[in-house]
Amino acid sequence: QVQLVESGGGLVQPGDSLRLSCAGSGRTLNSFAMAWFRQTPGKQREFVATISASGRAVAPADSVKGRVTLSRDDAKNTLYLQIYSLKPEDTAVYYCAARDDPYASMLYKDYNYWGQGTQVTVSS
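Peer 1: What am I meant to see in the overall build of the protein chain here?
Peer 2: Summing up its helical and strand segments, the protein chain has 0 helices and 11 strands in all. Each helix (α) and strand (β) of the protein chain, taken in turn from the N terminus, gives the series β-β-β-β-β-β-β-β-β-β-β. Compactness check: the protein chain gives a C-alpha radius of gyration of 13 Å against a globular reference of 14 Å for 124 residues, within 12% of the reference. Across the protein chain, every contact between residues at least 6 apart in sequence was considered, and the portion connecting residues at least 24 apart equals 59%. A total accessible area of about 6,400 Å² is found for the protein chain, and carbon and sulfur atoms account for 47% of it. For the protein chain, the separation between the mean place of its 13 positive charges and that of its 11 negative charges on side chains is 1 Å.

This is how it looks when you write it as structure tokens:
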């Protein structure tokens, strides 16, 4: 069983940057593709970015393209999401996900394990 715990969320101002972390436990994640999704009240969970087990495939969503860096540190069993130039529309709960497959996926249904989420609020 895999447990994922997100951290790094908070209240920031428009234009700020933020780094979210997702720490895994229970199993080594170096064979898992991983991703970040986000969700606002009343809306479906939205794909943000995904990375393959090898770390060579990184696919950000159009809404954040050019403003995110996704990386993984398998020695620490941790996934990171750096978001730059934050906008009010980036406000959401951000969820980390892992799938027991090395290939990255943008589909919510492909992920087996989820964290509890971390709130990001962008407001002046």
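Text resumes after the structure shown.
Peer 1: What is the right way to look at the pattern of salt bridges in this model?
Peer 2: A side chain with one charge can pair with a side chain of the opposite charge if their charged atoms come near. Scanning all chains against the criterion turns up 8 salt bridges. Between K65 and D62 there is a salt bridge; the shortest N-O distance is 3.1 Å. Of the two residues, K65 and D62, both sit in the exposed class. Two residues, D110 and K109, come together in a salt bridge whose shortest N-O distance is 3.3 Å. Each of the salt bridges in this network shares a partner with another, and the network as a whole consists of R38, E46, R67 and D90.

Peer 1: Would you take a moment to explain the packing of aromatic side chains for this structure?
Peer 2: According to the stated counting rule, one finds 7 aromatic pairs in the structure shown. Judged by centre distance (6.3 Å) and plane angle (85°), the rings of F37 and Y108 are edge-to-face. A residue pair is termed long-range when its members are at least 10 positions apart, and F37 in strand β4 (residues 33-39) and Y108 in the loop between β9 (92-99) and β10 (113-114) qualify at 71 residues. On the basis of relative accessibility, which here comes to 1%, the residue F37 falls in the buried class. Centroid distance F37 to Y111: 5.6 Å. Interplanar angle 75°. Geometry classified as edge-to-face. One end of the pair, F37, is in strand β4; the other, Y111, is in the loop between β9 and β10, with 74 residues separating them in the sequence. Grouping aromatic residues by their ring pairs yields a cluster made of F37, F47, Y108, Y111 and W114. Over the face of the ring belonging to Y95 we find R45, whose NZ or CZ atom lies 3.7 Å from the ring centre.

Peer 1: What am I meant to see in the environment of T40 here?
Peer 2: Here T40 shows up in the loop between β4 and β5 (46-51). Distance in space between the C-alpha atoms of T40 and N77 is 27 Å, their sequence separation being 37 residues. Excluding anything up to four places from it in sequence, T40 contacts T91 and A92.

Peer 1: I tried to follow the state of the cysteines on my own but got confused; where do I start?
Peer 2: Here, the word disulfide means a covalent bond between the sulfur atoms of two cysteines. A full pass over the atoms with the stated rule returns 1 disulfide. The residue that forms a disulfide with C22 is C96, at a sulfur-sulfur distance of 2.0 Å. Here the S-S torsion is close to -70°, and the disulfide linking C22 with C96 is therefore left-handed. Of this pair, C22 sits in strand β3 (residues 18-25) while C96 sits in strand β9; the two residues are 74 residues apart in sequence, bridging distant segments of the chain.

Peer 1: I'm lost on the nonpolar core in this one. Help?
Peer 2: Across soluble globular proteins, nonpolar side chains show a tendency to be buried alongside one another. If you look at the biggest cluster of nonpolar residues, it comprises 33 residues, and the most contacted ones within it are L4, L20, M34, W36, L79, L81 and Y94. Among the elements of the structure, β3, β4, β5, β7 (68-73), β8 (78-83), β9 and β11 (118-122) are those that each provide at least two residues to this core. By residue number, the principal contributor to this core is β9, which donates 5 residues.

What counts, and where the lines are drawn
- Residues numbered from 1 in each chain as written.
- Predicted model: local features only at pLDDT ≥ 70, side-chain atom pairs only at ≥ 80, totals over all residues.
- Heavy atoms only, no water.
- Helix = DSSP H or I, 4+ residues; strand = E, 2+ residues; numbered from the N terminus.
- Rg over C-alpha atoms; globule rule 2.2 N^0.38 Å.
- Contact = heavy atoms within 4.5 Å.
- Areas by Shrake-Rupley, 256 points an atom, 1.4 Å probe, with all protein chains shown as cover.
- Lys, Arg positive; Asp, Glu negative; His and termini not counted.
- Charge placed at Lys NZ, Arg CZ, Asp CG, Glu CD.
- Salt bridge = Lys/Arg side-chain N within 4 Å of Asp/Glu carboxyl O.
- Buried < 20%, exposed > 50% of the residue type's maximum accessible area, 1.4 Å probe, protein only.
- Phe/Tyr/Trp six-rings, centres within 6.5 Å; stacked < 30°, edge-to-face > 60°.
- Lys NZ or Arg CZ within 6 Å of the ring centre and 35° of its normal.
- Disulfide = S-S within 2.5 Å.
- Core = buried A, V, L, I, M, F, W, Y, C linked by side-chain atoms within 4.5 Å.

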